[in-house]
Amino acid sequence: MSQGCTIKYDGIDVFSRGDGVQTRLMIGKGNAQSTPFTTGTTVFPPGCGAPMHTHNCAEQVTILEGRAEASIDGRIVELGPMDTSFVPADIPHYFRNIGESNLVILWVYGARDVTRTFTETGETVPHMSPRDQV
C-alpha cells in the first residue's frame, strides 16, 4: 500500500544547473515511492535557458513567472504567466528567459526515470545528475 506525501517548497534542496539556473525536485522517485511522474520548478535568470534537448518521456511545462521563448519541434512561441505546453517524448525543445526578471517554470514529466539528451552533442544524461547542466 502506498502513501501520499506533502512537500514544503522552502525545504527542497536547490540543484544548481550553471549560469544561475536553479531547479527544485518537488515530487519524484526519491521522495514519493509510488509516483508515476516527476515534477519540479526551474528558475532561469534573464538571458538564460536550457539548450535544445529531448526527453525519454512526455513533458508539460507551465510558466509561473516571467516571459519565455519556447521552441517545440521547430515551432517558436512566446509564453507568459500561466501559459502551458506539452512536449511529447523525443521531441526537440527548449525554454529560454526573454524577459528582464526571472523566468520560473513548473515542469511535469510523465515518468519516474527521466533522461535528457542534448541535441547538439547527442549525450544522454539522467535528469538532475551532475552532467545535466545548462
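Procedures and definitions
- Residues numbered from 1 in each chain as written.
- Predicted model: local features only at pLDDT ≥ 70, side-chain atom pairs only at ≥ 80, totals over all residues.
- Heavy atoms only, no water.
- Pairing = 2+ DSSP bridges.
- Helix = DSSP H or I, 4+ residues; strand = E, 2+ residues; numbered from the N terminus.

A. Geometry of the pairing of strand E7 (residues 75-79). Judged from the five bridges that link them, strand E6 (residues 68-72) and E7 form a sheet pairing that is antiparallel. Its bridge partner lying in E7, Ala70 is registered against Val77. In textbook terms, the turn of a hairpin is the stretch between consecutive antiparallel strands, and for E6 and E7 this stretch comprises two residues, one of which, Asp73, has a positive phi near 55°.

B. Inspection of the pairing of strand E5 (residues 59-65) at higher detail. Pairing geometry for E5 and strand E8 (residues 84-87), over four bridges, is antiparallel. For Thr62, the partnering residue across the bridge sits in E8 and is Thr84. Both E5 and strand E10 (residues 103-109) contribute to a ladder of six bridges, which runs antiparallel. Looking across to E10, one finds that Glu59 is bridged to Tyr109.

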